[in-house]
Every structure is written in C-alpha cells, then in structure tokens.
Amino acid sequence: MPIVEKSLVEVDRTEKLEIDGIDVSGEWNTFLRSRVQAHLDVRISDWVKGQPQGETITRCWQCGTCTAGCCMHTDYGLTEFNPRYFIYLAQVGYEEELRKYATTVWRCVSCNKCVERCPKGVKVEEVIHTIGTYLEMTGAAPESPADRFDRAYASNLLERGILDEAALFRTYERLEGRKTPARDLLRMGLALLRSGRLHTGPLAHRTRGWKKMGRVLRENLEADERARRALAVSAAPPNGGRP
Amino acid sequence: MNPILVLGGGPAGLSAAAELASLGADALLVEREAYLGGNPKRWHYSLLAPDLRPAEEILGPLIGRVEGSPKVERRLSTTLTNSERLEKGFRVTLKTADTVENREVSAVVLATGFDHFDSRRKFEYGYGRYPDVIDFKELEGMIHDDKVVRPSDGRAPKRIAWILCVGSRDIQVGNPWCCRLGCVVSIKQAVEIRQKHPEIDAWIYYMDIRTYGLWEDLYWKSMQEYGIKYIRGRIGQVTLAEGGDRLLATGEDTILSRPTEVPFDMIVLASGMEPGTGTKEAASLFGLPVGPEGFLTPRLSDMNPVDSGSPGVYFAGAATGPKAIPDAVTEGMGAALRAFQYARE
Amino acid sequence: MSASAPRGPPDASPAYYPGCSLDGLGKAYEVTAQRVIERLGLSLDRIVDYNCCGATEVKNLSQDVSIALPARNLALARSMGRQQVVAACNGCVYSLARANDAVTDPATRGRINATLEKGGAPAYDGAASVQHVLEYIHARAGPERVRAAVTRPLTGLTVAPYYGCLYTRPKRYTGVGKTPGTDDPEHPHFLDELLEACGAKVLTDYSAKTICCGGGHALSDLDVSVAFGASILNEAKRAGADLVATICPLGQINIENHLDRIRASYGDEVIRPVAYFTQLMSLAFGSSVREARLHDNFSRPDLFFRARGFP
Ligand code: SF4
Ligand code: SF4
Ligand code: SF4
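Residues numbered from 1 in each chain as written. Chains lettered and ligands numbered in written order. Predicted model: local features only at pLDDT ≥ 70, side-chain atom pairs only at ≥ 80, totals over all residues. Heavy atoms only, no water.

(A) Local environment of the packing of aromatic side chains. Residue and element names in this part refer to chain B. Applying the stated rule across the entire model yields 20 aromatic pairs over all chains. Geometrically, the ring pair formed by Tyr-205 and Phe-264 is edge-to-face, given 6.0 Å between the ring centres and 85° between the ring planes. With Tyr-205 in strand S13 (residues 201–206) and Phe-264 in strand S17 (residues 258–264), the pair connects residues that are 59 residues apart, well separated along the chain. Like Tyr-205, the residue Phe-264 is buried in the burial classification. Note that Lys-122 overlies the ring of Tyr-125, its terminal NZ or CZ placed 5.8 Å from the centroid. (Phe/Tyr/Trp six-rings, centres within 6.5 Å; stacked < 30°, edge-to-face > 60°. Helix = DSSP H or I, 4+ residues; strand = E, 2+ residues; numbered from the N terminus. Buried < 20%, exposed > 50% of the residue type's maximum accessible area, 1.4 Å probe, protein only. Lys NZ or Arg CZ within 6 Å of the ring centre and 35° of its normal.)

See below:
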C-alpha cells in the first residue's frame, strides 16, 4: 500500500465547520482525515491513458528524473510542482491529494526537459497537461490562465492559418480582464510599426486557401473537446474521490 | 575431427576452450585483443562480487588451463572475417594485422561478450567533460591499484556518489534492459573503498536495487557494516558546483519529494552492458538473428540457453545478454559440451 | 531511427519554414538569417502558403490538430521535392519534429492524411527531416567558412550564448545524439563555435544556456516568465557578458517584452542587449547596424553597437 509522504496536516488552512451539529473547526486534516490511504482507484489513470496526450502515463516507474530537471520545480523553485508526484497521485487515484494541486498543475511551461530525459519514454509534459485537463473537466480546478490562452491561441490561429499576434494579445488581455497601460501599448505598437512587423486586423497575414482547412481543423478541435468532456464526467469518482 | 572454434577469450570463451580440452577435443581460441581475459582483464577488475575474491584468482587459473594445454591453439590479435558452412562444420577466415588464413572447424562457440556502455552518450552526466565524473570500470582499476584519487587534481575524495543504471533501463539511449551487475558492482566498490578508507563517504543514488539471489547479502552488509547510504531517485544532471571544484548531482529525493543538489568530490557512473562489437559481427557472419536489444538470441532460451538453433553454433556468456562471470563460466562449459557432441556425431 | 534523421543525400536547397514568428515579431531574425545564409553560399527555399505550427499550445486541446498543423507544412515541403526542412524557431522545430514522430505510427498517419485531404492539402509521407537553422549553418558552412566570411570581427565583445529549452530537444523527436554531427542536447556548442568564428568571446560555460525562457506562459503566468527572463540576463551579468545572443524568437521576445518588469524587480544592472545570432553574424559579415536591424530589438543593441563605433 502506498504511503503518501506528505504530512496531511495543513496548518495554514483553518476552517469553520460543523458536522451533524458538532463544531469541528480547526486546522485541516488534524483529525478529520485518516493518515491511511485506503482508497485505490484506477479511474484517473485510465482516463489519462485514454487521452492520446496521456497514454504514456502507465510507463512511469517513479524514478524522479523529470522532477530533478523540471524548470518549475528546480529553476523556478516551486517545489510543490512535482511532475513525478502528480503522476503518482493519478496512478493510484488519490484524487483528494491531487486536488490540492488544482491551481499548480497548469503552471508547466512546456520546456520538455522531462520528455528529453525520462528514461521510460513517458511524454511527461503532455501527461501533466492531461492531468490538468482532468482536474479542470471534473470541476476540481478552475479554467486556468494557460488554458484560456491555449484556446485563444488556437482559435486565432485557425482563423487564418497564421497567427495574428497583436489580436491574440488583445483578446487574451480582455479574457483575463487585464489592461496593459496605453502608454506601453503605444510604445510597443509604434516600435513594431516602425520595423514593419505589425500585421494585425485587416493587415494580418493569412495562408492562401486556408478556409477549408481551417474549418476542418476547427471541427476536429471541437469534436475532441466534446469527447473529452463526456469521458471526464463518466470518469469522475463519486463523492469527489473521498475514501 | 577438425578443431572447434571458440570466438572470444573472456571468461566464457576461456571456460569453453578449457572444457573442450578436458573432453579431448582440439580448440581454436580466437581473440581480437592481444591478451586473454576479456573485459575483466581489460579494465583491471578488482574484487569480484559476491565473494569479494580478486579477479586474478578467478581468471588466472582459467587462463592457466588454456595456456597450459596442448589441445588449445590460441590466436590473439585475430578477428574472424568470413565464414562458410560446410557439410560438417565451417570454413572460417582468420585475419591478423598482416596475415589472412582459412581454417576448417567442426563447430563454433560464440563467446563474443559485451562492451561497456559509452557514458558520453548520457549527455546529462557530463562524462568526458568533467574529469571527476568517472565510469565504474575505471574505478575498478583505481581500486585495484589502491589509487582512488580525483583525476582532476590527484587528491583523495572525501565524498563519492554512485549513479546506477547509466545507459541501462533507459529508452533515451536505446537500452531498455537491466545490466544485472551495476548494482552489485557499485555496492561492492563502495564496500571496498570503505574497507580501506573509512574516512570516505559513499552515497548511492538508486531507482531499484537489484542484487538478486544470494547477492542480497552484500547489499545488507553495505548498510549495516559499512555505513553506505542510499538515496532513492535517479539523478537528472551533473554540473560543476559553485567554485568549480566539486560536482553537483541534481536529482529528486523521491522519498522526500524534494529537490536534492549535493556536492561530491567524485561521481561514479555504473555504465551498463551493450552487445559487444564481436557479437554484432558474429551475428552477421553466421547469419544469426539478434533480439531487439542487439544480443544474440538462443532458440530456446529457457531449455537450452547455449543453443543458437543453427546446427553447430553455440553461445556462451554475455553475447546473449548481461551476465555475471559465474554464469558465463557455466555457459562456457555447457556450450563446449554441446559443440563437442555435435562435432563427434 | 528517428523520423527526423536525414535519409538521403542532402538537398541542395532545403525547404525553409518561417513560422508565424519570423514573418511577424521576428522579422529581424528572418532578414539577417537570409543574409547570413546567402553570404555563406547556401540557399533555402521558402515554403509558400505555410501555416502556423501550433507551437506547444494546440496540443493541449487536440492531439490530431496539433499534428495536422505541422504535417501540412511538411507535406508542402515534400511536394516541393525536398526532404529537409529548416526552421529558425525552437518551437517550430519542436512541433515539426513532434509531428514527424507521431506519423511514424501508420494509424496516426492515415488519420492525419485524411484530415489534410479533407482540408485540401497534400498528404504527408513522413519522409522529411527537420533541422534548426543554427544546425543547418553549422553543418553546411561550419566555423571555418564563417571565419572566412568575416570582414568586421566582433573583437572585444563578450557574448552569452542562449539556446533555450527546446533546441535539439526532446531527442526522441529531433534524433539528436543518434545522428552523427548533431549538437549536444545538454551542453550545446554550435552557437559558441559560430560566434567565436565571428571574433567574439563566447561564454561557453554560461549557466543559463538551455534554461527555459518561460515564453510559453509569457502572458498567462507573468511571475514565471519574468523570473526566467531575469535569470537569463542575471546569469549573463554574473558571467560578465556584454550581450545575450539568441536562436529563438520566443526567447528573444519573451526577454525583451518583460524588460521593464525585469528592471523593476531585479534592477537595472541585469539588463543587457539581446540579439539574434544572425544579427551578430550579419554585423561581422559587414552589415551596418541598420542593415542588421538591431534597432528592431526592444533591448536596443543598436545603441550598444553604435557606441562601440559600428557603422
Ligand atoms: S522521469 Fe519518467 S519514469 Fe521517471 S518519474 Fe518522471 S515520468 Fe516517471
Ligand atoms: S515541461 Fe513542464 S513538467 Fe516538464 S520539465 Fe518543463 S515545466 Fe517541468
Ligand atoms: S543492475 Fe542495477 S544498475 Fe544495472 S540496470 Fe539493473 S538496476 Fe540498474
């Protein structure tokens, strides 16, 4: 039986809580949660394996090579970003623990150092993204800024075949409710215009004869998303994976 | 009866040749190097696991039996360049730097062995770039001569790390198999060093420890009696530590789920075993199939591991996969017996 | 053998895949790369009507679309009769090589080709190989020919060579390490050699050589992309570099886009001009600062070179 090494006690997470009329407020998991991992579940692993980007998850033998070189873990220093551990939690189906990382998993920057080095040929970066998608599609994680960006990016690209960088920037700023100061925008825009690099809106580059291809690919993309959602719902463990 | 060709003068080939002689057959022992003893000799192996007996004590008598026997014709610095099947046996071409000769043989034992993995191909460990990252076959020689010092400055190391599975169990270098010996040899090296120099700290980074069968004892002793420490995690990269004097092994301690970046004076790579050059050549000369890993494949590896499936051709030792010396010696005997039976039929 | 390993005699003039960056924000890279290639007596043929490769983003939404996008470009290169494709962006090389790897599976290739056909594109036979323009210049011209083409050596200039995370990686896609003459994926040195041949002092032990720039999350995770941009500059400063050379528009743009933020959080002293390696090579081959389009870069290497007397 796997023993999850992390302390289950979360001292910085206190809650007011009443169960059946009894006040159990206090630090999370000090006594509510058993330290025994008594619930093994293959569904998360199966779901991830069922995705083309996640199919290599079952190869992982937990050697830690990916985490050792992971630029988020080691270079950026976000030690709770641990691809090996995320894969482990998905493998044993420890949904509850995995959900603690719901707002961390998406931060993989796709440097692919893990894919470069994994001795078992796990496509780690793609598996991590698939685990993130799982969390999002089961409602455990909010749509992440990176996911919003991916969607904005894809729809921008599929429009003309060539990315309209400035339009993507504008769309994404709007999605995030962010506003780059007008002064900065103007400065950037002028610099780009001066060097003849700003192709946006009506001046945007496009791939000749893209219309048909764009439509076919958009249809593919939407069909894939629909299929994933349907799968996610049926894979979600009842009662959120609580033992 | 024409002689029986034994290709390869390592432990398996020596054992086969000696055994043929004792059966009363003539053996033609062909070795590409100028000496007998194979990889153990080439790299000056020190003590051999699991009994920690000096390699010379095992190789010496084997070589002695072969050299002392009038039934064994030894051809050193010689390679095989052609083979042609006859009604019984083969006509083979032997080549030295300045001679080419055809010989008829009645059967063949292929004991062509393995090559150590070239650790430069594991780019992230910096072998060939940082002098104090060494291969464990080089450490064998150092231990043998009791000169365990840092190649960079000749100083004695205070703290040594071993990295296991280098070039083994690794799809990225194309070698998915386990080398079978990297664990036990690394542990043995650490024990040898700690026996003589208890002031040197020994750390072993592992993913699994595979000291199968009775060798497990050495693993236990290494912890209990010699204070060798084990960290579970495959090292991701080796770089120079701040100051440039020591090496930094970066990995994840998978038990802590934390990054580990520890400076070492010396790092030893347990490089794996690959099919030897001679093994690849023999496969094509005798038209034998090799497995996906490139080793020769016995026809029935469980029932008759020394039988190639091609009449008159037998296997011994690491030509069919990573193997310890006792196994290689045993297979040498088995192959000799089968070859003798075939030749006499 | 990787799908990206060359399979026959090299093309006299390989297909060139610009990708969206080189036609947009990376214009300076495109123009100077062309100039360098011509000066070295090499030539590339642009893939017309190419499309964006989908970078690392599209694959998070749909596997097939993320393969079909680059596969369409590879198919166009094949219908030009080429088997080698050269791209200047690490992200493009990654996507193209990844697609190449994916279509070694016959079922995937069948599916992708059906999609391409439906969209009106030629089918892809899986037989193209992909190279970064740095590898291409190194392989075809090499440091010796570069040295011979230099008219104004970059003497006295100390450069930090920044390769980025995806250069030559992952090797299972790019075939690096299996094919002779390829760069070292952990300690790359091709850029070092080319810039040394241009007369510059190159910091071969620059510790940020292959770290990620965070560019994939340049907009969606500012903390991370600013931190990576800053450490690329900070390591360059620590090593004593005057300037950082890049080989990837994503890295170049990510560092430069965040200059103000990096300055605000990490201080002015880490800031260094950042330029594409081909801009530096152009200078060494005799281009003026303007011709090398150094004024295009937000980090203003033009001012830096003007101050050092470059015309
Ligand atoms: S490197 Fe590969 S096998 Fe090792 S822990 Fe990471 S994903 Fe698993
Ligand atoms: S791709 Fe993602 S998981 Fe892999 S090393 Fe980079 S940041 Fe870490
Ligand atoms: S014997 Fe040990 S070192 Fe060698 S491959 Fe197997 S586990 Fe790794």
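(B) Quick look at the pairing of strand S18 (residues 266–271) of chain B. Residues and elements named next belong to chain B. Among the six residues in S18, six count as buried, and that is most of the element. Side chains of S18 alternate between two faces, with Met-266, Val-268 and Ala-270 and Ile-267, Leu-269 and Ser-271 buried alike. Pairing of strand S11 (residues 133–135) with S18 involves three bridges; the strand directions are parallel. In the strand pairing of S18, Val-133 is matched with Ile-267. Pairing between strand S12 (residues 159–166) and S18: five bridges, direction parallel. Counted as the bridge partner of Ala-161 is Ile-267 from S18. (Pairing = 2+ DSSP bridges.)

(C) Quick peek at the site of ligand 3. The environment of ligand 3 is made up of Leu-164, Cys-165, Ser-168, Arg-169, Cys-178, Cys-179, Arg-180, Leu-181, Gly-182, Cys-183, Asp-208 and Arg-210 of chain B. The set of elements that each furnish at least two residues to the shell around ligand 3 consists of S12 and helix H5 (182–196) of chain B. (Near = heavy atom within 4 Å.)

(D) Representation of the sheet that holds S17 of chain B in the model. Residues and elements named next belong to chain B. If you trace the three strands from one edge of the open sheet to the other, you get S15-S16-S17, paired in antiparallel fashion. Only two strands of the sheet have a single partner each, and these edge strands are strand S15 (237–240) and S17. Between one strand and the next, the sheet's axes are offset by a mean angle of 30°, whatever the strand orientation. Note that S15 and strand S16 (residues 247–253) share four bridges and pair antiparallel. Looking across to S16, one finds that Leu-240 is bridged to Leu-247. (Axes fitted to C-alpha atoms, helices over the stretch in contact; angles between N-to-C directions.)

(E) A look at the confidence of the model for chain A. Confidence along chain A averages 84 in pLDDT terms, with 78% of residues attaining 70 or more. Between residues 1–6 of chain A, whose pLDDT stays under 50, and residues either more than four places distant or in other chains, the model counts 18 contacts. (pLDDT = per-residue confidence, 0-100. Contact = heavy atoms within 4.5 Å.)

(F) Representation of the site of ligand 1. All names here are of chain A. Every one of the 13 residues lining ligand 1 counts as a neighbour, but Cys-60, Cys-63, Gly-64, Cys-66 and Cys-118 are closest to it. Among the secondary structure elements, those contributing two or more residues to the shell around ligand 1 are helix H2 (65–69) and helix H4 (83–92). Here the residues of the shell around ligand 1 sort into nine nonpolar, three polar and one charged. (Nonpolar A, V, L, I, M, F, W, Y, C, P; charged D, E, K, R; others polar.)

(G) Highlighting the nonpolar core. All names here are of chain B. Core analysis: the biggest nonpolar cluster contains 74 residues, and Leu-139 and Trp-162 have the highest contact counts within it. Take this core: its biggest share by element is nine residues, from helix H8 (residues 325–344). Built from parts of two domains, this core gets at least three residues from each of domain 1 (4–113 + 276–344) and domain 2 (117–273). (Core = buried A, V, L, I, M, F, W, Y, C linked by side-chain atoms within 4.5 Å. Domains from an automatic or database assignment.)

(H) Representation of a positive patch on the surface. Taken together, the side chains of Lys-212, Arg-215 and Arg-218 of chain A together with Lys-118 of chain C define a basic patch exposed on the protein surface. Residue contributions to the positive patch peak at three residues, all from helix H11 (residues 210–235) of chain A. Relative to the elements of secondary structure, Lys-118 of chain C occurs in helix H5 (residues 106–118). (Patch = residues over 30% accessible without salt bridge, like charges linked within 9 Å, V, L, I, M, F, W, Y side chains within 5 Å. Areas by Shrake-Rupley, 256 points an atom, 1.4 Å probe, with all protein chains shown as cover. Salt bridge = Lys/Arg side-chain N within 4 Å of Asp/Glu carboxyl O. Lys, Arg positive; Asp, Glu negative; His and termini not counted. Charge placed at Lys NZ, Arg CZ, Asp CG, Glu CD.)

(I) Geometry of the interface of chain A and chain B. Residue-level contacts link 24 residues of chain A with 20 residues of chain B. Roughly 1,700 Å² of surface becomes buried between chain A and chain B when both sides are summed, with 49% attributable to carbon and sulfur atoms. Considering only the side of chain A, the residues that lose the most area to chain B are Trp-61, Arg-117 and Pro-119 of chain A, jointly responsible for 30% of the buried surface there. At the surface where chain A touches chain B, the tally comes to one salt bridge. Across the salt bridge formed by Glu-252 of chain B and Arg-84 of chain A, the nearest N and O atoms sit 2.7 Å from each other. In this structure, the connection of chain A to chain B is made through 12 residue pairs in polar contact (both at pLDDT 80 or more). (Buried area = accessible area lost by both parts, 1.4 Å probe. Polar contact = N/O pair within 3.5 Å; in protein donor to acceptor, adjacent residues only side chain to side chain.)

(J) Broad picture of the interface of chain C and chain A. On the chain A side, the residues contacting the 63 residues of chain C number 59 residues. Across the chain C/chain A interface, buried area totals approximately 5,500 Å², and carbon plus sulfur atoms make up 58% of it. When the buried area of chain C at its contact with chain A is split by residue, Leu-25, Leu-61 and Leu-219 of chain C rank highest and sum to 13% of it. Across the chain C-chain A interface, the total number found is six salt bridges. Between Glu-125 of chain A and Lys-59 of chain C there is a salt bridge, with the nearest N and O atoms lying 2.6 Å from each other.

(K) Examining the sheet that holds strand S20 (residues 313–315) of chain B more closely. Residues and elements named next belong to chain B. Strand order in this open sheet of five strands is S5-S2-S1-S9-S20, and the pairing throughout is parallel. Edge strands, defined here as strands with exactly one partner in the open sheet, are strand S5 (72–75) and S20. Neighbour-to-neighbour, the strand axes of this sheet turn through a mean angle of 20°, independent of strand direction. By the bridge criterion, three bridges tie strand S9 (residues 107–110) to S20 in an arrangement that is parallel.

(L) Spotlight on the domain arrangement of chain B. All names here are of chain B. As far as domains go, chain B holds domain 1 (4–113 + 276–344) and domain 2 (117–273). Computed over C-alpha atoms only, the centres of domain 1 and domain 2 are separated by 31 Å. Contacts between the two partners involve 16 residues from domain 1 and, on the opposite side, 19 residues from domain 2. Both sides together, the interface formed by domain 1 and domain 2 hides about 1,600 Å², and carbon and sulfur atoms give 71% of it. For domain 1, the biggest contributors to the area lost against domain 2 are Trp-43, Ser-46 and Pro-322; these three give 31% of the whole. The interface formed by domain 1 and domain 2 contains five residue pairs in polar contact (both at pLDDT 80 or more).

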